[in-house]
Structure formats: structure tokens, C-alpha cells
Amino acid sequence: MAIDRRTVLRASGVVAVSAALGAWTAGGRQQAESAPGQLDWAGLRNRLSGSLLLPQDSGYERAKLAFNPRFDDRRPAAVAKCGTVSDVQACVTAAAGTGITVAARSGSHSYAGYSTPDDGLIIDVGGLDGVEVRSDGTAVIGAGARLMPVYAGLADAGRCLPAGSCPTVGIAGLTLGGGIGVLAGKYGLTCDSLVSAEIVTADGTVRTASATSEPDLFWALRGGGGGNFGVVTSFTFRTQPAPRPAVAKLLFPAVRRRP
């Protein structure tokens, strides 16, 4: 089923999911009006190759934490540690129709705390963190990868990608929000280098969004609404030959502030 731009924009008013920036209600507007909390947690746990952490489980308190301690008091209903695309699909389909909020999490740097919803299900894609540089110069990067491992993997192959400067930021939230970085003046935003994205949409379907496949969804994922159209599981980027490193050190004299 193709997704046109009108459908994408309409969906943005119903769902608000991203792989690091967003929270949405699986199943659509009608289901969002039903009482949350009816998800079969035991059934979902049995379907995952990764782990599902509920508030009573060891490891939950740590797993729920976002990068910003401002949100430490948030109490999600569960955190699903996804290790495969099938795990993501299982989470999305299990939540569909329950009215429970579902939020994707990559680097957990969301300034507004969208990846840590109270009483919601966090789909943590941190286990999908592979970095593969292909012979044609494209790089396939898992949605759970953070920038330092991304840069290290690209550097090993002599390649670079315009991205951010914080090493713990997730590639997903950065790309889906546009992606401003120190190389933007030369190579553009991170999203400008995006070739395609693998995404699980709210119906549980795995889609590949690119210029030729689901082009309107691809348009939306490059900064159009913060990526709130599904859970991205991997990205394929064009990369550039790594420039010769140049390091500069700026020293400023100490000054005394006026009283």
C-alpha cells in the first residue's frame, strides 16, 4: 500500500512517533479515546527476542531514564529493548487498539521528553546499532546507533557524514529532525544525505521509504514533522570521503567581569 503526501500529513495529526523524537497512539484516533493499559504484557514479552521491562522488574528504573534528568520522574508502563525489526513490529501490533501511548527511543536526548511518556510503551531501538559502509560509499546505520560509534565506523572506511557534534546523540532523532552539524555548510543537513529509511508504520508493516519507494513518506522523514510517522529501524546514507583532519586551538585571555 502506497502512502501519499496527504495521508502522511493527515497521519501527523493522529500519531506522533519517531525513533528518538515522538510519541504516538497505535491504532489511530478512535482507539486513542479508549482507556489505556489493556496491553497483554506477558504475550508481548514472549514475542520479543529482546527484553521487556515493567516497573516491578530489575533494570526498569535504569532503562526508563532519558538523557535529561528533568524527566527522571516519568513512569512509562514498560520499556521494550528491541534487538530486531520483528521486535519493533511486535510492539507496534501489540499496542494497536489498546489506546496506550507508544514512543520510539534512540539516543533519548529528546528535549521535550517525548521518548519517555508516562504510562506508555517505550520502543527502545538501541540494540539496532550496526554501522556498515558499503563499497559504493553508502552506509547502512541502525536507528539505535549513537554518533560516536557512527563516526568511528565511517572513519575506519575513510568516509564521513554531516551530522551532529554530541557523541551520545542518536542518529535517528538527529536525521528525522533534519540534522544540523559542523559540516552542514559544506555537505548540507544530515537528512540531505539520506538515501532510504526502513520504517515500521502504525499498521505494523515494514516499509522502505526512498525517492522511488514511498516517496511522500520519504519526504516526511527528512525533517517533516520530526519523523512522527512510524518507528525507523535503519537508515541508508550517502557518505563523503573523509577530509584530512584539521585541529585548531583558540586561547582567550582571562578577563575580569565588571562589578
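As shown above, the structure is provided for reference.
Keep in mind that this is a model prediction, so the values were computed, not measured.

**Q** Run through the overall build of the protein chain, naming residues and quoting values.
**A** Per the secondary structure count, the protein chain includes 9 helices and 12 strands. Residue pairs at least 24 apart in sequence account for 66% of intrachain contacts in the protein chain once pairs closer than 6 positions are excluded. In the structure as shown, the protein chain presents an accessible area of about 13000 Å², 53% of it carried by carbon and sulfur atoms.

**Q** Quick one: what's the story with the sheet that holds strand E11 (residues 231–238), residue by residue and with numbers?
**A** The antiparallel open sheet is built from 5 strands, whose spatial order is E6-E7-E11-E9-E10. Of all strands in the sheet, those with a lone pairing partner are strand E6 (131–133) and strand E10 (206–210), marking the two edges. When strand polarity is set aside, the average angle formed by the axes of neighbouring strands in this sheet is 15 degrees. Pairing of E6 with strand E7 (residues 138–142), which is carried by 3 bridges, proceeds in the antiparallel orientation. Each residue of the ladder has a partner; that of Val131, found in E7, is Ile141. Contacting strand E9 (194–200), E10 and E11, helix H5 (residues 85–95) runs over the sheet at an angle of about 50 degrees to E9. Across the sheet, helix H6 (residues 147–156) is in contact with E6 and E7; its angle to E6 comes to roughly 25 degrees.

**Q** With reference to specific residues and values, describe the nonpolar core.
**A** Among the nonpolar cores identified, the biggest contains 50 residues, and Leu44, Leu121, Ile123 and Phe235 are the most heavily contacted of them. By residue number, the principal contributor to this core is H5, which donates 6 residues. With near-sequence residues (within four places) excluded, Phe235 lies in contact with Ala139, Val140, Ile141, Ala143, Ile171, Ala172, Thr175, Leu176, Leu194, Ser196 and Ala197. Counting residues in each nonpolar core, the second largest holds 5 residues, with Leu53, Tyr60, Val79 and Ile122 among its members.

**Q** If you had to explain the pairing of strand E5 (residues 121–124) to someone new, which residues and values would you point to?
**A** Looking down a regular strand, the side chains alternate between one sheet face and the other. The alternating pattern of E5 places Leu121 and Ile123 and Ile122 and Asp124 on opposite faces, both of which are buried. Two elements, strand E3 (residues 78–81) and E5, share 4 bridges in a ladder whose sense is parallel. When the sheet's bridge partners are listed, Val79 is paired in E5 with Ile122. Both strand E4 (residues 101–105) and E5 contribute to a ladder of 4 bridges, which runs parallel. Bridge pairing in E5 places Val102 opposite Leu121.

**Q** An account of H6 is needed here, citing residue identities and associated values.
**A** Turning to H6, its buried residues are Leu147, Val150 and Leu154. Down the axis of H6, the sector holding all buried residues measures 60 degrees, keeping them to one side. Among the structural elements, E6, E7, strand E8 (159–160) and helix H7 (171–176) are those in contact with the buried residues of H6. Of the residues one or two after H6, Gly158 is the one with positive phi, at around 75 degrees.

Basis of the calculations
- Residues numbered from 1 in each chain as written.
- Predicted model: local features only at pLDDT ≥ 70, side-chain atom pairs only at ≥ 80, totals over all residues.
- Heavy atoms only, no water.
- Helix = DSSP H or I, 4+ residues; strand = E, 2+ residues; numbered from the N terminus.
- Contact = heavy atoms within 4.5 Å.
- Areas by Shrake-Rupley, 256 points an atom, 1.4 Å probe, with all protein chains shown as cover.
- Pairing = 2+ DSSP bridges.
- Axes fitted to C-alpha atoms, helices over the stretch in contact; angles between N-to-C directions.
- Core = buried A, V, L, I, M, F, W, Y, C linked by side-chain atoms within 4.5 Å.
- Buried < 20%, exposed > 50% of the residue type's maximum accessible area, 1.4 Å probe, protein only.
- Arc of directions from axis to C-beta.

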